[in-house]
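Now for the letters of each chain:
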Amino acid sequence: MAAECYIAVFLPVNAFDNIHRSGREEISSSRQQLFVNSLQVVLLFVAMVIVYITSSSLQHKQGLPFLGQMLSWTILGTAFGMPCLSSTTLYPRLFTVALSLLTVYTLLSTSHEGLFLLGLCCLLYSWLQLEAKLSSAQQQLGAVDLAPAPRTYSMQALQRYLCMSDVRCAFFYLFFLLLAFFGTGNIASINSFDPASVYCFLTVFSPFTMGALILLKVVIPFLLVSCTFHAVHVAIQVPTTSLFLLVLIMSDFMALHFFFLVKNTGSWLDIGTTISHYVIAMTTNIFIPLLYSVAKVMTTWRVTWPVGAKSHVK
């Protein structure tokens, strides 16, 4: 009798407390997401102002402004940590990642490259919508959670076999990787590396720092493509290992094609072009798993501040 009274009294109270707590957590998460996106928009605006002021100052031979240099390094360090503060739901996390990468890319841009990354974001969004519409998985993209939670999904759905539509997904992934590589010029040529890209950070010759910043500029479009690829993989519920094997097989065929086109006669330009194409196709197999690992961290890790508790990392 006492146990029945306990259940009758405390069970509704516990249920109400859980609902109230989940409601507070949802409101806190929404406020945190709004704060993060607002801060990112401010950082993007500040980055554009820094690029304009730095360009104007260098044209008038007044040197690099110290305040602009400090703000550039601060934005560089802050932007990559912002995605970990946003929700792991598909749309908010991808939007946060895109804003962070666009902010850093703006600081490393000299002319039209920032518009290229913006156009690439639009293309990747269209690709995500296309794969969701053509996929057999009946799931709304707004409800997709990128965080690894295998217990919340059907294991049969997650372990489905590959189909012909997955070939399209792998092809588009390779296509967007090559587009990101050659989108702003022939990056395979050493002549395309402009030192003016790092003038917001430093103007004194420092080969290792300049090289690291230019390499970061090259990698940013790849990270954006890989983050979208991870979102597509989670949304259409395709096995990661099988899809990666498909991508590697396609890149191997591409490398084999360029291998038979390698020339050892003719001009040095023709010989160098054929060799660079083959090397790029071969190194794609090495960098694809590394890029995907970094993209998975950027789309799944999250730092939250629950109401009335300490922060913790998911």
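Everything here concerns the structure above.
Fair warning: this is a prediction, and the values are worked out from it, not measured in the lab.

### Digging into the environment of I220
Reasoning step 1: Considering the arrangement of structural elements, one finds I220 in helix α7 (residues 207–236).
Reasoning step 2: Looking at I220, the relative accessible area reads 0%, which means it is buried.
Reasoning step 3: Separated by 122 residues in the primary sequence, I220 and A98 place their C-alpha atoms 9.8 Å from one another.
Reasoning step 4: Apart from the residues lying within four places of it in its own chain, the contact partners of I220 are L101, V104, Y105 and L117.

### Some words on the packing of helix α3 (residues 90–107) against α7
Reasoning step 1: Running from amino to carboxyl end, α3 crosses α7 at an angle of 175°, the nearest separation of the two axes being 10 Å. Viewed along their axes, α3 and α7 adopt a mutual orientation that is roughly antiparallel. Residue-level inspection shows L90, L94, V97, A98, L101, V104 and Y105 of α3 in contact with α7, the latter providing L216, K217, I220, P221, L223, L224, C227, T228, A231 and A235.
Reasoning step 2: Here the residues of the contact of α3 with α7 sort into 15 nonpolar, 1 polar and 1 charged.

### Describing α7
Reasoning step 1: Its 30 residues give α7 an end-to-end C-alpha distance of 44 Å, which sits within 8% of 44 Å, the value for a rise of 1.5 Å per residue.
Reasoning step 2: V219 marks the point of greatest bend in α7, at about 30°, and the proline P221 comes within the next four residues.
Reasoning step 3: Across the 30 residues of α7, 23 count as buried, placing the element largely inside the fold.
Reasoning step 4: Q237 lies just past α7 and shows a positive phi near 60°.

Reading the values: the criteria
- Counting of residues starts from 1 at the beginning of each chain's written sequence and follows it residue by residue.
- Given that this is a predicted model, residues contribute local features only at a pLDDT of at least 70 and side-chain atom pairs are listed and counted only at 80 or more, while totals for whole chains, interfaces and linings are drawn from all residues.
- Hydrogens are left out, water is left out, and the side-chain values use all remaining heavy atoms of the structure.
- Labels follow the DSSP assignment, with helices taken as runs of H or I lasting at least four residues and strands as runs of E lasting at least two, numbered in each case from the N terminus.
- Partly exposed describes any residue whose relative accessible area lies between the buried limit of under 20% and the exposed limit of over 50%, with all areas from a 1.4 Å probe on protein chains only and scaled to the type maximum.
- Contacts are assigned to residue pairs with any non-hydrogen atoms lying within 4.5 Å of each other.
- As a rule, the C-alpha atoms of each element are fitted with a line to give its axis, helices using only the stretch in contact, and angles between N-to-C directions run from 0 to 180 degrees.
- Angles are sorted into four bins: roughly parallel if under 35 degrees, roughly antiparallel if over 145, roughly perpendicular if 65 to 115, and oblique for all others.
- Gly falls in the polar group here, along with every residue not listed as nonpolar (Ala, Val, Leu, Ile, Met, Phe, Trp, Tyr, Cys, Pro) or charged (Asp, Glu, Lys, Arg).
- Multiply 1.5 Å by the residue count of a helix minus one, and that product is the helix's expected span.
- Here the bend at a residue is taken as the angle between two axes, fitted respectively to the seven residues that end there and the seven that start there.

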